[in-house]
Amino acid sequence: MVVVVVIVLAWAGGVKLFGPARRTALDHLVGRFTYRLVGVVELVIALALVVPPFVVAEGVAATVLALGFVAYLAYARRVRPESDCGCMGGKGGPIGWRSFARAGLLVLTSALAAVPASLWFVLTVLLVFVALSAELDRYWLLPLRRLRVRLSHPLAGLPSGVPLAAGVEQVERSGAYRAVAAFLRSDVRETWTEGEWRFLSYSARFQDRSATVVFAAPTDRFAPEDVQAALVDEATEETLWRFTPIPLAA
């Protein structure tokens, strides 16, 4: 288990000591110097754990530090609930249950640092740490959510008899595009075709939330008036808004 503690503390200490300046809850509460100093302490303990022989005092120091993280999270959640905890660098978002679960897991692994563990068990624990680290979501969770939107997009189930086609120019001339243009934060990120539909996805920002906009356009004719769209929250996969053209009366 000591390997897990070393990796986590080295990661946390490295981003605090060498990472870019960032306004986090820890920085707000204790100041930039102390923020860097915490990183130094984490790296020193990690180094002490990795250099043989392992002594009980090192595991105790790591456990005390981990308990300090839990206390810090509880205090920061109360006085600055909107701030990033700054524990592992990156943008982890407001302090939530994942932050506390990760800190609790660090307490447990630090207390059991001297206990031998198989390679598979160590890898499993490290994967749990990754899953509990919101700072790493952009590397694995958001791509998975985007893939899910692509495979089971919110515009599924549209009538197959409606002639649809695609193209960036067609989308950009559509009422759907004009309706969400203010929220878009990228050019076309992905495009794919399913049957008579071509789909184009864009990154967006809606009410301070990361989102994906998916457009569906006809493929056999140039018809911007037929373009449809859906805006999906990347964190919850909730469809926040849909644009469906109103058919003209015959």
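Data block above holds the structure.
Cut-offs used in this document
Residues numbered from 1 in each chain as written. Predicted model: local features only at pLDDT ≥ 70, side-chain atom pairs only at ≥ 80, totals over all residues. Heavy atoms only, no water. Phe/Tyr/Trp six-rings, centres within 6.5 Å; stacked < 30°, edge-to-face > 60°. Helix = DSSP H or I, 4+ residues; strand = E, 2+ residues; numbered from the N terminus. Buried < 20%, exposed > 50% of the residue type's maximum accessible area, 1.4 Å probe, protein only. Pairing = 2+ DSSP bridges. Expected span 1.5 Å × (residues − 1). Arc of directions from axis to C-beta.

Visitor: For this particular structure, what's the right way to read the packing of aromatic side chains?
Guide: When we look at a pair of aromatic rings, we describe it by the centre distance and by the angle of the planes. The tally for this structure, following the rule as stated, stands at five aromatic pairs. Considering the side-chain rings of tyrosine 177 and phenylalanine 215, the 5.9 Å spacing of their centres and the 35 degrees angle between planes classify their relative orientation as tilted. Residue tyrosine 177 is found in helix α8 (residues 175–180), and its partner phenylalanine 215 is found in strand β3 (residues 209–217); the two are separated by 38 residues along the sequence. On the basis of an interplanar angle of 85 degrees and a centroid distance of 5.3 Å, the ring pair of tyrosine 202 and phenylalanine 215 is categorised as edge-to-face. Note that tyrosine 202 is positioned in strand β2 (residues 197–206) and phenylalanine 215 in strand β3, a separation of 13 residues in sequence. Looking at tyrosine 202, the relative accessible area reads 2%, which means it is buried. The class for phenylalanine 215 is buried, based on a relative accessible area of 0%. Aromatic rings pair up to connect Tyr177, Tyr202 and Phe215 into one cluster.

Visitor: Just checking my understanding: could you explain the pairing of β3 for this structure?
Guide: Regular strands place their side chains on alternate faces of the sheet. Summarising burial for β3: seven of the nine residues are buried, a large majority. Here β2 runs beside β3; their pairing, made up of nine bridges, is antiparallel. Paired with alanine 204 across the bridge in β3 is alanine 211. Alignment of β3 against strand β4 (residues 228–233), held across six bridges, turns out to be antiparallel. Note that in β4 the partner of threonine 212 across the bridge is valine 232.

Visitor: Where do I start with helix α5 (residues 119–131) in this structure?
Guide: Here α5 spans 18 Å end to end across 13 residues, near enough to the 18 Å set by a 1.5 Å rise per residue. Taken residue by residue, α5 has Val122, Val125, Leu126 and Phe129 as its buried positions. Looking straight down α5, one finds its buried side chains confined to an arc of 100 degrees; they lie on one side. The exposed set on the far side of α5, more than 90 degrees from its buried face, consists of Trp120 and Leu127.

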